[in-house]
Amino acid sequence: MKESNFLWDLSKNEQNRIKHKVGFEIVQYAFNDPKRIIERDSKHSSAEEQRYFCYGRVKGNVLTVRFTLRNGKIRVFSAGYWREGRKKYYEKNNLY
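Residues numbered from 1 in each chain as written. Predicted model: local features only at pLDDT ≥ 70, side-chain atom pairs only at ≥ 80, totals over all residues. Heavy atoms only, no water.

Moving on: the overall build of the protein chain. Secondary structure summary: the protein chain contains 3 helices and 6 strands in total. In terms of overall size, the protein chain behaves like a compact globule, its C-alpha atoms giving a radius of gyration of 13 Å where 96 residues would be expected to give roughly 12 Å. With respect to the principal axes defined by its C-alpha atoms, the protein chain has extents near 35 × 30 × 25 Å. Per-residue burial for the protein chain yields a buried fraction of 42% across its 96 residues. Look at the contacts in the protein chain between residues 6 or more apart in sequence, and 42% of them connect residues 24 or more apart. (Helix = DSSP H or I, 4+ residues; strand = E, 2+ residues; numbered from the N terminus. Rg over C-alpha atoms; globule rule 2.2 N^0.38 Å. Buried < 20%, exposed > 50% of the residue type's maximum accessible area, 1.4 Å probe, protein only. Contact = heavy atoms within 4.5 Å.)

Quick look at the structure:
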């Protein structure tokens, strides 16, 4: 599936929607947050492919997006409103 500069697998999107209640169609808004945080996902990165987290505010909550860059596009693996992402977003933006 393609949404502007974003790519994802349709079945992965459906799995994520069921498991985390988030469709990949909204991840672009996390990247549009001027206070977004991008961090390397060292646990899931490899020598062949670097993976990242984006923490950004969407609809009043902090959305965490796991992704990589492929051929100039953002390839999304998962997304959710997770406590860890919210904590990092608030800490890095000094919002406590």
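Looking now at the packing of aromatic side chains. Taken as a whole and judged by the stated rule, the model has 6 aromatic pairs. For the pair tryptophan 8 and phenylalanine 24, a centre-to-centre distance of 6.1 Å together with 70° between the ring planes defines the contact as edge-to-face. With a gap of 16 residues between them, tryptophan 8 in the loop between strand S2 (6-7) and helix H1 (10-20) and phenylalanine 24 in the loop between H1 and helix H2 (27-32) connect regions that are remote in the sequence. Just as tryptophan 8 is buried, phenylalanine 24 falls in that class too. Residue placement shows arginine 51 over the ring face of phenylalanine 77; its charged tip is 3.8 Å from the ring centre. (Phe/Tyr/Trp six-rings, centres within 6.5 Å; stacked < 30°, edge-to-face > 60°. Lys NZ or Arg CZ within 6 Å of the ring centre and 35° of its normal.)

Side chains Ile37 and Glu39 project from strand S3 (residues 37-40) onto a buried face, and the interleaved Ile38 and Arg40 project onto a face without burial. Alignment of S3 against strand S4 (residues 51-58), held across 4 bridges, turns out to be antiparallel. When the sheet's bridge partners are listed, arginine 40 is paired in S4 with tyrosine 52. (Pairing = 2+ DSSP bridges.)

This part is about the pairing of strand S5 (residues 61-70). Extensive coverage of S5 is indicated by the burial of 7 of its 10 residues. Inspection of the sheet shows S4 paired to S5 by 8 bridges, in the antiparallel sense. Note on S5: the bridge partner recorded for phenylalanine 53 is arginine 66. Two successive antiparallel strands, S4 and S5, enclose a turn made up of 2 residues, where lysine 59 displays a positive phi of approximately 55°.

The values are spatial; any link to function lies outside them.
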